[in-house]
Amino acid sequence: MTDEELYQYTEELVKRAGITDDGYCSEFVKALGEHPQVKDEYIYYLLHGSYLCSFTIEGCSVADIIIWQMDNFKALLDNADAQNKGNPYKMTLSGFMTMMKMEDDPQKYIAKMRATTGTDYIGKF
């Protein structure tokens, strides 16, 4: 995939996600250039509509990150006004963005993933 195609695909995903920040697409694609293994995972997603999950950070794939985000922010997702609710495009972009940040500072994110749980768990009530 050429850089131009990558930008165009990402621009479409950003539109579908409802992200209105004009610089988001450029920043996202630039960050991908600094994270080649995440970029490969992202391109696979764009071409196949599924997650390859061959690249992991501390054992976590992008699918693990997305699931963690959904679990961790379940209270927000349950809110009818939640921006990510029913928006797989935004969840996907958020997952890949988090993976890039996690690659830069893995311990920060691993600690969060291990320390926090979502709103639903056995023994909650």
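*Asks:* Quick one: what's the story with the packing of aromatic side chains, residue by residue and with numbers?
*Replies:* Counted according to the given criterion, the structure contains six aromatic pairs. Ring centres of tyrosine 24 and phenylalanine 28 lie 6.0 Å apart, and the angle between their planes is 25°; this geometry places the pair in the stacked category. Here tyrosine 24 and its partner phenylalanine 28 are both found in helix 2 (residues 24-33), four residues apart, which amounts to about one turn of the helix. Overall, phenylalanine 28 belongs to the buried group, its relative accessible area being 0%. For the pair tyrosine 51 and phenylalanine 96, a centre-to-centre distance of 6.2 Å together with 40° between the ring planes defines the contact as tilted. Of this pair, tyrosine 51 sits in the loop between helix 3 (36-48) and helix 4 (62-72) while phenylalanine 96 sits in helix 6 (residues 88-104), and the two are 45 residues apart along the sequence. Taking the relative accessible area as the measure of exposure, tyrosine 51 reaches 30% and is therefore partly exposed. An aromatic cluster is defined as three or more aromatic residues linked by ring pairs; in this entry it consists of Tyr24, Phe28, Tyr42, Tyr45, Tyr51 and Phe96.

*Asks:* I'd like a description of helix 3, backed by residues and values.
*Replies:* The periodicity of an α-helix, 3.6 residues per turn, causes residues three or four positions apart to be oriented the same way. In this model helix 3 runs 18 Å from its N-terminal to its C-terminal C-alpha over 13 residues, within 8% of the 18 Å that 1.5 Å per residue would give. Of the positions making up helix 3, those classed as buried are Val38, Glu41, Tyr42, Ile43, Tyr45 and Leu46. Backbone geometry just after helix 3 places glycine 49 at a positive phi near 70°.

*Asks:* An account of the confidence of the model for the chain is needed here, citing residue identities and associated values.
*Replies:* Summarising the model, the chain shows a mean pLDDT of 85, and 80% of its residues fall at 70 or more. Confidence, read as mean pLDDT per element, is least for helix 5 (residues 74-78) in the chain (52) and greatest for helix 3 (97).

*Asks:* Could you give an account of the side chain of threonine 10, naming the residues involved and the relevant values?
*Replies:* As for its placement among the helices and strands, threonine 10 is situated in helix 1 (residues 3-17). You can call threonine 10 buried: its relative accessible area is 0%. Among the polar contacts listed, one links the side chain of threonine 10 to the backbone oxygen of leucine 6, at a separation of 2.8 Å.

*Asks:* Tell me about the side chain of serine 61, and please be specific about residues and values.
*Replies:* Along the chain, serine 61 falls in the loop between helix 3 and helix 4. Once residues within four sequence positions are removed from consideration, serine 61 is found in contact with Cys53, Phe55, Thr56 and Met99.

*Asks:* Which residues make up helix 1, and what are the values?
*Replies:* The end-to-end C-alpha distance of helix 1, which contains 15 residues, comes to 21 Å, matching closely the 21 Å that a straight helix rising 1.5 Å per residue would cover. Of the residues making up helix 1, those classed as buried are Leu6, Thr10, Leu13, Val14 and Ala17. The arc enclosing the buried residues of helix 1, seen along the axis, measures out at 100°, which places them on a common side. Residues Glu4 and Lys15 are exposed on helix 1 and point more than 90 degrees away from its buried face.

*Asks:* Give me unusual backbone geometry: which residues, what numbers.
*Replies:* Positive phi, close to 60°, is recorded for cysteine 53, a residue that is not glycine. On the secondary structure map, cysteine 53 appears in the loop between helix 3 and helix 4. The residue glutamate 58 is not glycine, and still its phi comes out positive at about 55°. Assessed through its relative accessible area of 47%, glutamate 58 is described here as partly exposed.

Cut-offs and rules
Numbering of residues starts from 1 in each chain and follows the order in which that chain's sequence is written. Per-residue local features are limited, in this predicted model, to residues with pLDDT of at least 70; the limit for side-chain atom pairs, both in listing and counting, is 80 or more; totals at the level of whole chains, interfaces and linings are taken over all residues. For the side-chain quantities, the full set of heavy atoms in the structure was used; hydrogens and water were omitted. Only centres within 6.5 Å qualify two rings of Phe, Tyr or Trp (six-membered ring in Trp) as a pair; their planes then separate them into stacked at under 30 degrees, edge-to-face at over 60, and tilted for everything else. Each helix corresponds to a stretch of at least 4 residues labelled H or I by DSSP, and each strand to a stretch of at least 2 residues labelled E; elements are numbered beginning at the N terminus. Three exposure classes are used, based on accessible area relative to the maximum for each residue type with a 1.4 Å probe and protein chains only: buried under 20%, partly exposed in between, and exposed over 50%. Under the convention used throughout, the expected extent of a helix is 1.5 Å for every residue step, that is, one less than its residue count. pLDDT is a residue-level measure of predictor confidence that goes from 0 to 100. Two N or O atoms count as a polar contact when they lie within 3.5 Å, although within protein this holds only if one can serve as hydrogen donor and the other as acceptor, and sequence-adjacent residues are included solely when both atoms are side-chain atoms. Any pair of residues with heavy atoms lying within 4.5 Å of one another is described as a contacting pair. Relevant arc is that of directions from the helix axis to the C-beta atoms, nothing else.

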